[in-house]
Amino acid sequence: MIGFYLVPFVILFFSRWVSSYFKRLRISVKLVDLIIPYMFMLLFIMSQMYLPINLIPYIFIVISIVGIILSTYFTFFKKKLSVYFFIRIWWRIVFIVCLIFYIATGIWIIYL
């Protein structure tokens, strides 16, 4: 399980190599696009195996609230809601939220 837990950190550590590999293949994939689904899956598995509660609904609630706040900010304060710009910023925030939950889950499991 430790090996599966460390995969996103290893991918982030070798991010230049992985990005250059995808550029040679002419595939426009960002590392965040690869890591987020893996972290969701592993968070679900770790919360089912080691924690008394499932974390996925809480992550989705946090991500949804951030999306609502972000779209409200762009609509009412910036007076322009660009879908591309919104999704780009929101997806970065999703990565940060997932990473925080991922690291917190790892620390919680080590603590137990």
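As a starting point, this report considers the structure included with it. (Residues numbered from 1 in each chain as written. Predicted model: local features only at pLDDT ≥ 70, side-chain atom pairs only at ≥ 80, totals over all residues. Heavy atoms only, no water.)

So, about helix α4 (residues 56-77). Compared with the 32 Å implied by 1.5 Å per residue over 22 residues, the 31 Å span of α4 between its first and last C-alpha is a close match. For α4, the full list of buried residues reads I56, I59, I63, G67, L70 and F74. Around the axis of α4, the buried residues are gathered within 70° of arc, so they sit on the same side. For α4, the exposed residues lying more than 90 degrees away from the buried face are I68, I69, F76 and F77. Contacts made by the buried residues of α4 are with α3 (31-49) and α5 (83-111). (Helix = DSSP H or I, 4+ residues; strand = E, 2+ residues; numbered from the N terminus. Expected span 1.5 Å × (residues − 1). Buried < 20%, exposed > 50% of the residue type's maximum accessible area, 1.4 Å probe, protein only. Arc of directions from axis to C-beta. Contact = heavy atoms within 4.5 Å.)

Ranked by size, the top nonpolar core spans 20 residues in total, and within it M39, F40, L43, I59, C98 and Y102 carry the most contacts. Sort the elements by how many residues they give to this core and α3 lands first, with 8 residues. Excluding residues within four positions of it along the chain, Y102 makes contact with F4, Y5, P8, F9, Y38, M39, L42, L43 and M46. (Core = buried A, V, L, I, M, F, W, Y, C linked by side-chain atoms within 4.5 Å.)

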